[in-house]
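Observations on the model geometry
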Amino acid sequence: MSDVSELFGDLFTDADGIVLFSPSSSYYQTFTDLEDLDVIVAAPDNEHGADRFVELPLAFEDVADQLTFAIEGALDDDLVEEGDELICGAKLFSDDDIDTVARVRVSAGENSGIYDLFTQSRAEPSVIRAVFEVAIELGQKGQKGKPVGALFVVGDAGKVMNKSRPLSYNPFEKSHVHVGDPIVTVMLKEFSRLDGAFVISDAGKIVSAYRYLEPAAEGVDIPKGLGARHMAAGAITRDTNATAIVLSESDGLVRAFKGGELILEIDPENY
Ligand SMILES: Nc1ncnc2c1ncn2[C@@H]1O[C@H](COP(=O)(O)OP(=O)(O)OP(=O)(O)O)[C@@H](O)[C@H]1O
Ligand SMILES: [Mn+2]
């Protein structure tokens, strides 16, 4: 007769490190006196003051996205290296306790781009995050109860302006407002009912609304079934160094594109 910990024991043998996702304080403490394994905490804030920490910019609902983000972040910060075997503890069904363990091998070659989306964009990470938050909120509530779509092009704004043209007067022409300001969230929601894209600078200034994007789209390969808005979003990120964040009116998902590729897909209903 074998017992369960013996059968699952292989999961834990010869591991090089542990990653805990948003552990409670007491949970984290029990791991700090582990002798030979480094513990990395991945969470929105470093509330336990962990030495090895990866900040999660979003509460990724998909555990695979969480793991990928944290591992790419840990790799970038030299907390882990190629070939390391990590034991990752995450919260899949519980909001309170870690209930899921995955063993993951660090492979530097397979960069999904999910970490770079936030940290290596032209725009500041806080700007990317603020735009995600607006898109998610808009996806949850829609506009007056109806689903809306929206396209935000973030960073490299000068070049984006050169690759686009106005569909209407620009309500942000003389204003100096930034994403994240509460009033701006209201404005972005209001203007999202109309056509075109929002253009946002590296620092988060809203440069324009109602832009019709005209990037070169040859060779841009976005998933079939997505329409013109998503094609324009993908293409503008290949033609410039911008990041595009799109809320789909038809399926309600928020997608992020960078370098012409779809990097991240999230469902606002799960936030
Ligand atoms: N090149 C573009 N630049 C800016 N906005 C665009 C562009 N092409 C389409 N759009 C905007 O996207 C809206 C929806 O277009 P379309 O249905 O083809 O896109 P989609 O990718 O299917 O997006 P959705 O999932 O929201 O329907 C258009 O009404 C327009 O406002
Ligand atoms: Mn459509």
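The shown structure was predicted, so the numbers you read here are calculated from the model rather than taken from an experiment.

About the criteria used
Residue positions are given per chain, counting from 1 as you read along its sequence in written order. Chains and ligands are labelled by the order in which they are written, letters from A for the one and numbers from 1 for the other. Side-chain atom pairs in this predicted model are given and counted only at pLDDT of 80 or more, local residue features only at pLDDT of at least 70, and totals for whole chains, interfaces and linings cover all residues. Heavy atoms throughout the structure, all of them, feed into the side-chain values; hydrogens and water do not. We call a set of buried residues a nonpolar core when its members are Ala, Val, Leu, Ile, Met, Phe, Trp, Tyr or Cys and they connect through side-chain atoms within 4.5 Å of each other. We call a residue buried when its accessible area falls under 20% of the maximum for its residue type, exposed when it is over 50%, and partly exposed in between, using a 1.4 Å probe and counting protein chains only. Secondary structure elements are taken from DSSP: a helix is a run of H or I of four residues or more, a strand is a run of E of two residues or more, and numbering for both begins at the N terminus. Residues count as neighbours in contact if any of their non-hydrogen atoms are within 4.5 Å of one another. To get an axis, a line is fitted to the C-alpha atoms, and for a helix only the part in contact is used. The angle between two axes follows their N-to-C directions and goes from 0 to 180 degrees. Working rule for angles: under 35 degrees goes down as roughly parallel, over 145 as roughly antiparallel, 65 to 115 as roughly perpendicular, anything else as oblique. Two helices that cross are described as forming a left-handed crossing if the nearer one is turned anticlockwise from the farther one by less than a right angle, and a right-handed crossing if clockwise. One heavy atom suffices: a residue is near a molecule or strand as soon as one of its heavy atoms comes within 4 Å of it. In the analysis that follows, any N or O atom pair within 3.5 Å is treated as a polar contact, provided that within protein one partner can donate a hydrogen and the other can accept it, and provided that, for residues neighboring in sequence, both atoms belong to side chains. In these tables, accessible area is a Shrake-Rupley quantity obtained with a 1.4 Å probe, and a residue counts as shielded only by the protein chains included in the view. When residue character is reported, Ala, Val, Leu, Ile, Met, Phe, Trp, Tyr, Cys and Pro are called nonpolar, Asp, Glu, Lys and Arg charged, and the others, Gly included, polar. At least two bridges found by DSSP between two strands is the condition for calling them paired. Crossovers are marked right-handed if the path from the first strand over the helix to the second runs clockwise, as seen with the strands pointing away from the viewer.

With 54 residues, the main nonpolar core has Phe-21, Phe-118, Phe-132, Phe-152, Leu-188 and Leu-264 as its most contacted residues. Element by element, the count of residues in this core is highest for helix α5 (residues 125-141), at nine residues. Residues in contact with Leu-188, not counting those within four places in the same chain, are Val-134, Phe-152, Phe-172, Val-179, Phe-198 and Ile-206. Listed in part, the 18 residues of the second largest apolar core include Leu-213, Ile-222, Ala-235 and Val-246.

Taken N-terminus to C-terminus, the directions of α5 and helix α7 (residues 182-191) make an angle of 55°; their axes are 11 Å apart at the nearest point. On the basis of their axis angle, the class for α5 and α7 is oblique. α7 is crossed by α5, and the crossing has right-handed handedness. Two secondary-structure elements touch here, α5 through Val-134, Glu-137, Leu-138 and Lys-141 and α7 through Thr-185, Leu-188 and Lys-189.

Ligand 1 sits among 14 residues. The nearest are Asp-195, His-230, Ser-248, Glu-249 and Ser-250. In the environment of ligand 1, an oxygen atom lies 2.6 Å from a nitrogen or oxygen atom belonging to the side chain of Ser-250. For ligand 1, the protein covers 76% of the area, taking 630 Å² as the surface of the free molecule. Mapped by element, the contributors of at least two residues to the shell around ligand 1 are β9 (206-213) and α8 (228-239). Residue contributions to the shell around ligand 1 peak at four residues, all from α8. Looking at the shell around ligand 1 residue by residue, the class counts come to five nonpolar, five polar and four charged.

Here we come to the pairing of strand β2 (residues 38-43). Where burial is concerned, most of β2 is hidden: five out of the six residues are buried. With five bridges joining them, strand β1 (residues 17-21) and β2 adopt parallel strand pairing. From the neighbouring strand, Val-19 faces β2, where its bridge partner is Ile-40. For the crossover that starts at β1, traverses helix α2 (residues 25-32) and ends in the parallel β2, the hand is right-handed. In terms of strand pairing, β2 meets strand β3 (residues 53-55) through three bridges, oriented parallel. In the strand pairing of β3, Val-41 is matched with Phe-53.

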